[in-house]
Structures are given as C-alpha cells and as structure tokens.
Amino acid sequence: MSRRHDAIQAVLARQGHRPEMLLQILREAQEAEGWIARDGLAHIAQALGLTLAEVEGVSSFYRFLHRRPVGRYRVLFSDNITDHMLGAPALMAQLCALLGVKPGELSRNGLVSVAHTSCTGLCDQGPAALVNHRHVLTRLDAGRVAHMAELIRAQVPVSQWPAAWFEVHDNVRRADVLLGTPFEPGSALRAALALGADGVMDELKRSALRGRGGAGYVAGAKWTACRETPADIRYVVCNADEGEPGTFKDRVLLASHADLVFEGMTAAALAVGARQGLVYLRGEYSWLLEPLRALLQRRRDAGLLGSAVCGSGALAFDIDIHVGAGAYVCGEESSLLESLEGRRAYPRHRPPFPAESGYLGRPTVVNNVETFAAVSHILLRGGAWWAGIGTPRSTGTKIHSVSGDCERPGLYEYPYGTRVAQILQDCGAHDTQAVQVGGAAGVCLAAPEFVRRLAYEDVPTTGAFMVFDRSRDMFEVARNFAHFFEHESCGFCTPCRVGTALVARRMDKLAAGHGSRVDLDVLLELDGLMHVATHCGLGATACNPLRDTIAKFRPAYEKRLKSLHFEPAFDLDAELSVARRMTSRDDAAAHLGTLP
Ligand SMILES: Cc1cc2nc3c(=O)[nH]c(=O)nc-3n(C[C@H](O)[C@H](O)[C@H](O)COP(=O)(O)O)c2cc1C
Ligand code: SF4
C-alpha cells in the first residue's frame, strides 16, 4: 500500500476509528500534503462505516480542508476591517504581484496560493496572516512581505522564517480579576472539592455569572439543567471558537491563563457529574494546540486531571482538544456540537438545548473560555464577592478586545458597567466617530452614545471593541461586515444564504455608485426579514451593522447615491460584454445605453 494510505491508517488508528472524530481525522490526514484526494476520502469513509458522500460533505464544508492539490505555501490574509485599516489589501496585492499569482488561485508552478480568510483574532497586532493554517504572521509590512516572497520563491521552510514574524503579544493593557490576579494551579479545584458539587452550584448561583460568549445566559441555570437531566454520561465543552470579528480575548486567556480555563471546566465536571471535557479550538488558533496539550499533560502529571483529581475519589475528569477548520458558524453552540461529532456544522433545532441533549445526545454544559476562567476565581473568593463587582444584572469583570483607531490596542478588563468613553480614553483613541461593540454581529455606537455603559442593562457585548475615527468611511465598514456574513453563512437556510448574498451585492452596487434610495429601503427590508426568518443567530444578526450605520451614518450612504431612481442590481450591458467579444462587436450600437 502507498505511503498516503499508511499515513491515513495511522491517523484512523490514533483516533480510534470513531466516526465522531471525522473532522479531526480529515485535518490530520491532510497534514502531510495539505489536501486529501478522493481515494483517501473513500478509504476514511470505509474505515469509519460512513458513505463517501458523508465524508465528502464534511470535507467540502470546512474552508481549511482541501480536496484538490494546494500550494506548498498557502498564505491567508486576515480580512477583518481592522486588518484592512492597517493596510492588509495593499500587502496582499504586493505579495501576489511579487509571486505572480492571482488572489484565490494556485500559482502555475503549484508552489503558492494567496487568499483572504475571516478575522484571525489578531486585530491588536495586524495586519495578520496565516501560513499553511498553522503559523500566524503578525504586524506585516511591505518589508516583511517582500522578504516573505523571496523565502517562498527559494522554497525556505516556514519553520526557518524569521522568528519575530510569528511573535504574538498578549497586549494586556488593563488587568483586573481575570488577567491580573496570580493563580496557583489546583487552588480552585481544592476549593471546589471542599465545597462539594452542591456547594459549587450554590457559589455559582450566588455569583449570578452570565456567559461571556454572547447570549449572556446565566451559568448557574445552565449547569442546573445539565445536572438535573437524567443521564448516564454528561460532558463539559469549552467554546474556544472565538470567530467574532474583532474579538481576541480568548486567545490571550488560552495562551497565558489556560489553567484558569481548565480548572473552571474541571469544577463544572464536579458540579454536573461529567467525566469528559472537550475544548473546541478554532482552526485559526491551531498554533495554540501544542502548548495547550502540553499544559494538559502537566496537569495530568500534577494530579489535576485524571482518574482521581487532587487525589479525590469524588472526581475523575480529563480534557481533550478538538480543532476547527475555518467556519465562523461553529461558534454557535449547537453547530459546535455538530462539528465536534464530525459533521457539517449546521445549527440544530432548539429545544432541546445542549444542557439537556448536547454532545452525542448527552447533557452538556457549553461555556465560553472567559466564563470558565471566571468560575475559577468565583470558587476561590466566593459567589457573593463576584456579585459585588459590576452591576446588578451583569456581575463581575469583562475583558474587552480593543482594536482599530487607537494608540494602545489590546485587552482591557473592567468591571461590567464601564462607559464606552472611559475605554476610549484609556486606549488612546482620538476624534472617534464610531465604536463597533460586540463584533460584526454587535452594535455600532456613534459619538453621542459614548456615555453608554457596557453591561446587559445597557449595551451587551461579547468583548469586541473596534474603534473608528473620523477619517473612516462607515459605509465601507458595514460593507466589510456584509461580505463577512455572506462568506460565513453556512447555507442551511434560504433566508440567510440568499439574504446575506443579496445584502453584499447591494452594498457592492452602492459602492460602485449605482445605488438609489430604493436600495437603502431594500437593505432595511432584508434586515427585517432576516431577523425573523433565519434559522440561527448568524443570519438574525447579519444586518445589525448595516441597520446601525444607515441610521447613524446615513450621509456615508447618501453620498454614493448617484440617482434617486431605482437602478437594477443586474447590469445587462456588462453581462452582454461576452457576447460582444464573441461577435467581435464593440461599436456604439452594440451597447444598451445607445439604444433608443
Ligand atoms: C453565529 C454565532 C457565533 C458564535 N460564536 C461564539 C464564539 O465564538 N464563542 C462563544 O463562546 N460563543 C459563541 N456564540 C454563542 C454560543 O452559541 C453560546 O451561547 C456560548 O458558547 C455559550 O457560552 P456562555 O454561556 O459561556 O457564553 C456564538 C453564537 C452565534 C449565534
Ligand atoms: S441563519 Fe445562516 S448560518 Fe444560521 S443556519 Fe441559516 S444559513 Fe446557516
């Protein structure tokens, strides 16, 4: 048998021939060559007892899986608006020109491809790019790009590129409880074991901790539902998908405070009666995989994971890490579970919620990285102490990922309830026109709203805080987000699949100067429709930035309206250019505009 076959066989054996590990198997199987041929997929399908169609369906869903040969060097530039503002499009064009390759295509010699990818979670140190999905490049500039082109042409392995290019800084600018308190591994677990499962639940409820991943659900209520659902097996899942554009706090928690996260997960296991934990790490953060695995091993060696955690017969628990493969929708908890089970990440119908029927149909606690980190501190200092920080409905501290037009981008941790203006002052923002809070799916605030507070009582947030000064064109900001949602729509339901595409096309039409007021009305109509008709939160929130910017920055749209009358999005004259070329006719009479 071929080497390829042997390599796949080894991956299958390592993953125990389990169908739910399909995504991990595909990721690992393509590691050697960067792609998997059809016969490889067929081999995997047969070994797992799946159909080829099922395996092909999964491999075609995730952007970091490839079914055709790819270049030895695959450079993906982060496409977030903050990377754009730092010059990413010009750098990508420079690299393409130097290597003689078109964006999105493989070079003729099969050596390199250069393309875009959604936000890589490095907005505080962009422009950023991924190489071969595994290496991150930060703070790119024209000099680095020119040097990179030389190294690629000389076929120098990525491992031999200058180490400084791969440096990722934490950029913690303001630390509070989570980022600033020294933590001794094991201390929160010993506190949890002393409290017992019921005591842990009591402290969690007393803390009124709400999830930090977006929906803000009360963690105590979720854990209660999980432990009260009758089952033989339960799971604890950490959502480390962090795909929301402009968010990078989980990256830093995982890079420098992962003990807090793992300890929070282990305490959850004690509280709900789980023996297995899973971290779903976004593919863009796969550079964190080895350090995290090493930390898990150290925790096993120290007795903080395993068959008797802290030497106690009361708790047996271990944690495994699954790596995603480039799909924002996987951050939605039910899509994440589908992905963990090795399928296409289509969001599930809810109810039942994951706490009742989650991973492999078992009750599952799914929480964000920051939520688990907070649990560890709550166990050490008590729920009442945590509830005393922040505001009545938003207890504790919150980490904000600050990027864009400011002197000091990075992480800022404050008690909930901090005003937007305070953060702007602390990060060195000047002449600020707008702040996009909570990522692309969040809310866009204009200057009169900077007095507002970041808390569930006022402006909820996942933690993204993108700053735009008065030099920025807010229409282009909204257009960038429209393309993001079109790109990331999973395609499962028509209102979102078609709606996000219609929105992006109309924004392009406006950008090209062909828009009319009717287009603005249609955009607002699409917003209304998608809010009510889509299957999951991605589609429901996709038009948020559009709606906010039309309401608050209307002149940015109106200056593009060449006509007050409707102009169709479909440009018939342009479409006929192919026919004109084929018939060698390009005279005036062959153009629609000249017809009577
Ligand atoms: C489109 C979409 C993307 C999401 N992405 C994330 C994410 O990257 N990380 C996260 O923790 N939650 C994300 N969520 C929220 C999760 O569905 C879920 O509410 C969260 O993981 C629960 O954890 P928490 O209660 O600790 O916040 C996303 C939701 C939607 C609709
Ligand atoms: S709303 Fe969008 S992302 Fe969600 S299921 Fe529908 S198509 Fe998929």
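Refer to the structure printed above.
Residues numbered from 1 in each chain as written. Chains lettered and ligands numbered in written order. Predicted model: local features only at pLDDT ≥ 70, side-chain atom pairs only at ≥ 80, totals over all residues. Heavy atoms only, no water.

A few points about the overall build of the chain
Looking only at helices and strands, the chain has 25 helices and 16 strands in total. Radius of gyration (C-alpha) of the chain: 25 Å, near the 25 Å computed for a compact globule of 596 residues. Structurally, the chain occupies a C-alpha span of about 85 × 70 × 45 Å along its principal axes. Looking at the chain residue by residue over its 596 residues, the buried ones come to 57%. Expressed as a percentage of contacts within the chain between residues at least 6 apart in sequence, the contacts between residues at least 24 apart total 71%. (Helix = DSSP H or I, 4+ residues; strand = E, 2+ residues; numbered from the N terminus. Rg over C-alpha atoms; globule rule 2.2 N^0.38 Å. Buried < 20%, exposed > 50% of the residue type's maximum accessible area, 1.4 Å probe, protein only. Contact = heavy atoms within 4.5 Å.)

Notes on the site of ligand 1
Among the 20 residues in the neighbourhood of ligand 1, the closest are listed as G213, N239, N367, N368 and T371. Contacts to ligand 1 include N239, whose side-chain N or O atom sits 2.9 Å from an oxygen atom. Between G243 and ligand 1, the recorded distance is 3.4 Å, taken from a backbone N or O atom to an oxygen atom. Surface burial for ligand 1 is 89%, taken as the share of its 610 Å² of free accessible area covered by protein chains. The set of elements that each furnish at least two residues to the shell around ligand 1 consists of β9 (364-368) and α21 (537-541). Among the elements that take part in the shell around ligand 1, β9 stands out by supplying 3 residues, more than any other. For the shell around ligand 1, the per-class residue count stands at 4 nonpolar, 10 polar and 6 charged. (Near = heavy atom within 4 Å. Polar contact = N/O pair within 3.5 Å; in protein donor to acceptor, adjacent residues only side chain to side chain. Areas by Shrake-Rupley, 256 points an atom, 1.4 Å probe, with all protein chains shown as cover. Nonpolar A, V, L, I, M, F, W, Y, C, P; charged D, E, K, R; others polar.)

Describing the pattern of salt bridges
Pairing of side chains with opposite charge becomes possible as their charged atoms draw close. Overall, the coordinates contain 43 salt bridges when judged by the stated rule. The partner of E486 in a salt bridge is R505, with the nearest N and O atoms 2.7 Å apart. Of this pair, E486 sits in helix α18 (residues 474-488) while R505 is found in helix α19 (residues 494-511), placing the two residues 19 residues apart along the sequence. Taking relative accessible area as the criterion, E486 reaches 26% and is therefore assigned partly exposed. According to the relative accessible area criterion, R505 is partly exposed, its value standing at 40%. Connected through shared salt-bridge partners, D473, E476, R479, E486, R505, D508 and R560 make up one network. (Salt bridge = Lys/Arg side-chain N within 4 Å of Asp/Glu carboxyl O.)

Here we look at the packing of α19 against helix α20 (residues 517-533)
With their axes 10 Å apart at the nearest point, α19 and α20 run at an angle of 160° to one another. Overall, the two elements α19 and α20 adopt an arrangement that is roughly antiparallel. The chirality of how α19 crosses α20 is left-handed. Residue-level contacts link P495, C496, G499, T500, L502, V503, R506, M507, K509 and L510 of α19 to D519, L520, V522, L523, L526, M530 and A533 of α20. Considering only residue class, the contact of α19 with α20 consists of 12 nonpolar, 2 polar and 3 charged. (Axes fitted to C-alpha atoms, helices over the stretch in contact; angles between N-to-C directions. Parallel < 35°, antiparallel > 145°, perpendicular 65-115°, else oblique. Left-handed = near helix turned anticlockwise from the far one by under 90°.)

Focus: the pairing of strand β12 (residues 397-404)
Here β12 lies mainly inside the structure; 7 of its 8 residues are buried. Pairing between β12 and strand β13 (residues 410-415): 6 bridges, direction antiparallel. By the bridge assignment, V402 is partnered in β13 with G410. Hairpin connection from β12 to β13: 5 residues lie between these consecutive antiparallel strands. One ladder, built from 4 bridges, connects β12 with strand β16 (residues 464-469); its direction is parallel. If you follow S403 over to β16, its bridge partner there is M466. (Pairing = 2+ DSSP bridges.)

Observations concerning the site of ligand 2
Around ligand 2 lies a shell of 13 residues, among which C490, F492, C493, C496 and C536 are the nearest. Residue composition of the shell around ligand 2, grouped by class: 8 nonpolar, 5 polar and no charged.

Comments concerning unusual backbone geometry
Note that the residue after G126, namely P127, is joined by a cis bond; omega there is -5°. With respect to the secondary-structure elements, P127 resides in the loop between β2 (112-117) and β3 (129-131). Residue P351 follows R350 across a cis peptide bond; omega there is 0°. Position of P351 relative to the elements: it lies in the loop between α14 (333-340) and β9. With phi around 55°, Q155 is a residue other than glycine that occupies positive phi space.

Some details on the sheet that holds strand β1 (residues 73-78)
Across the sheet, 4 strands lie side by side as β2-β1-β3-β4; this open sheet has mixed pairing. Strands at the two margins of the open sheet, each flanked by one partner only, are β2 and β4 (135-137). Taking the axes of each pair of neighbouring strands and ignoring which way they run, one obtains an average angle of 25° across the sheet. As judged from the 6 bridges shared by β1 and β2, these two strands associate in the parallel manner. Within β2, the residue paired with R74 across the bridge is S113. In this fold helix α6 (residues 88-99) packs onto β1 and β2, with an angle of close to 165° to the strand it touches most, β2.

The values are spatial; any link to function lies outside them.
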